[in-house]
Amino acid sequence: MSRALLGVGRVVLVDRLPEGVLGASTGHTFASARIILNRSLPTHRKLFTLAHELAHILLRVEGLDDDDGLEKSCDYLAACLMAPKAAALALVNTYGVSPDRIAEAALQTGTWAALRIGEATGMPVAAVKPGKVRFRGKQFEFASESIIRAVASGRLRVRGLRKVTLYGMGRAAVIAV
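For every chain, the first residue of the written sequence is number 1, and numbering continues from 1 onward in sequence order. Only residues with pLDDT of at least 70 are given local features in this predicted model, and only at 80 or more are side-chain atom pairs given and counted; all residues enter the totals for whole chains, interfaces and linings. As a rule here, side-chain values cover all heavy atoms of the structure and leave hydrogens and water aside.

Undergrad: Teacher, can you tell me more about the overall build of the protein chain here?
TA: We count a stretch as a helix when DSSP gives it H or I for four or more residues in a row; a strand needs E for two or more, and each element gets its number in order from the N terminus. Counting secondary structure elements, the protein chain contains 7 helices and 7 strands. The linear arrangement of helices and strands in the protein chain, starting from the amino end, is α-β-β-β-α-α-α-α-α-β-β-α-β-β. Within the protein chain, the proportion of its 177 residues that are buried is 39%. Here a residue-residue contact requires only that any non-hydrogen atoms of the pair lie within 4.5 Å. For the protein chain, long-range pairs separated by at least 24 residues make up 42% of all intrachain contacts whose partners lie at least 6 apart in sequence. Surface summary for the protein chain: the accessible area is close to 10,000 Å², and the carbon and sulfur share equals 54%. The classification of residues rests on relative accessible area computed with a 1.4 Å probe and restricted to protein chains. Under 20% of the type maximum is buried, over 50% is exposed, and intermediate values are partly exposed. Methods summary: accessible areas were calculated by the Shrake-Rupley approach with a probe of 1.4 Å, and residue burial reflects only the protein chains presented.

Undergrad: I tried to follow the nonpolar core on my own but got confused; where do I start?
TA: Generally speaking, a soluble globular protein has its nonpolar side chains buried in company with each other. Nonpolar core, defined: a set of buried Ala, Val, Leu, Ile, Met, Phe, Trp, Tyr and Cys residues in which side-chain atoms within 4.5 Å join the residues together. Ile102, Trp112, Ala113, Ile117 and Val125 are the most contacted members of the largest nonpolar core, which has 20 residues in total. Of the residues forming this core, the biggest block, 5 residues, is contributed by helix α6 (residues 110–121). Excluding anything up to four places from it in sequence, alanine 113 contacts Pro99, Ile102 and Ala103.

Undergrad: Help me understand the sheet that holds strand β3 (residues 34–38), please; the structure alone is not making it clear to me.
TA: Each strand in a sheet pairs with its neighbour through backbone hydrogen bonds, running either in the same direction (parallel) or in the opposite one (antiparallel). A pair of strands counts as paired when DSSP detects no fewer than two bridges linking them. Taking strand neighbours across the sheet as the criterion, the 3 strands line up as β1-β3-β2 in an open arrangement whose pairing is mixed. For this open sheet the edge positions go to β1 (10–14) and β2 (23–26), each flanked by a neighbour on one side alone. Adjacent strand axes in the sheet meet at a mean angle of 15°, parallel and antiparallel pairs treated alike. Where β2 and β3 come together, 4 bridges link them in antiparallel fashion. Following the sheet pairing, serine 25 is matched in β3 by isoleucine 35. Geometry is summarised by axes, namely lines fitted to C-alpha atoms with helices restricted to the contacting stretch, and by angles between N-to-C directions that run from 0 to 180 degrees.

Undergrad: What is the right way to read the packing of helix α4 (residues 85–95) against α6 from this model?
TA: When two helices pack together, you describe them by how their axes are tilted relative to each other and by the distance separating the axes. Where α4 contacts α6, the two axes come as close as 9 Å, and the packing angle between them is 115°. As judged from the angle between their axes, α4 and α6 are roughly perpendicular. The crossing of α4 and α6 is left-handed. Only Arg116, Ile117, Ala120 and Thr121 of α6 make contact with α4, whose side of the interface consists of Lys85, Ala88, Leu89 and Val92. Class assignment of the residues belonging to the contact of α4 with α6 gives a composition of 5 nonpolar, 1 polar and 2 charged. Roughly parallel here means an angle under 35 degrees, roughly antiparallel means over 145, roughly perpendicular means 65 to 115, and every remaining angle is called oblique. Each crossing gets its handedness from the near helix: less than a right angle anticlockwise from the far helix is left-handed, clockwise is right-handed. Under the scheme applied here, ten amino acids are nonpolar (Ala, Val, Leu, Ile, Met, Phe, Trp, Tyr, Cys and Pro), four are charged (Asp, Glu, Lys and Arg), and all others, including Gly, are polar.

Undergrad: Looking at this structure, I do not really get the pattern of salt bridges. What am I missing?
TA: When the charged atoms of two side chains lie near each other, side chains of opposite charge can form a pair. We count a salt bridge whenever a side-chain nitrogen from Lys or Arg sits within 4 Å of a carboxyl oxygen from Asp or Glu. Here the structure, examined in full by the defined rule, presents 3 salt bridges. Residue arginine 116 pairs with glutamate 119 through a salt bridge whose shortest N-O separation is 2.9 Å. Of the two residues, arginine 116 and glutamate 119 both sit in helix α6, 3 residues apart, roughly one turn of that helix. For the pair shown, arginine 116 and glutamate 119 are each scored as buried.

Undergrad: Hey, could you run me through unusual backbone geometry in this one?
TA: Backbone geometry follows two general trends: most residues other than glycine have a negative phi, and most peptide bonds adopt the trans configuration. Positive phi is not limited to glycine here, since leucine 107 has a value of about 55°. With relative accessibility at 46%, the residue leucine 107 sits in the partly exposed group.

Undergrad: Just to check I follow, could you spell out the confidence of the model for the protein chain for this structure?
TA: Do not read the predicted coordinates in detail wherever pLDDT is low. Confidence of the predictor at the level of single residues is captured by pLDDT, which takes values from 0 to 100. Per-residue confidence for the protein chain gives a mean pLDDT of 82; residues scoring 70 or more make up 88%. Confidence drops under a pLDDT of 50 for residues 1–6, and excluding neighbours within four residues, the segment shows 8 contacts in the predicted structure.

Undergrad: Looking at this model, I keep getting lost on the side chain of threonine 49. Mind explaining?
TA: Mapping threonine 49 onto the fold places it in helix α2 (residues 43–61). According to the relative accessible area criterion, threonine 49 is buried, its value standing at 4%. In the analysis that follows, any N or O atom pair within 3.5 Å is treated as a polar contact, provided that within protein one partner can donate a hydrogen and the other can accept it, and provided that, for residues neighboring in sequence, both atoms belong to side chains. From its side chain, threonine 49 meets the backbone oxygen of arginine 45 in a polar contact 2.7 Å long.

This is the structure in structure tokens:
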């Protein structure tokens, strides 16, 4: 990520942004680009928001900022900038398929780590939150969202699926094993 940041005009930390806004970016060239971050964000959130806003700039410079799935694209690109596939695989080789251990090493959340495991390895992973389930890796061909939620809640055991509680988050990931 640092090479990409070299071309960005400036990163600005501010004390306040509108409610719900973690960061923002401006500019249509690297030289004119600015990334604005909320100074009060925890380190893991600041790092991810910085990468997310850099993704906005990269997509904007390439003329790809009109997509309906722009925020999802920026989230995915941010994760890739923070841990390219080789780095994500090295984390898995070092810490195993343990979202919490990988998250701690990468200064990120367990959800980020679980999703990055699936993206880098192709291993089916589902991050389960009350409002949504996000899938990564090869799709769960045999399990619907309702089954994934039941496994994540502990109400159902399914051979080949393992629940992983994401430390301190009150959330779960379901990993195919």
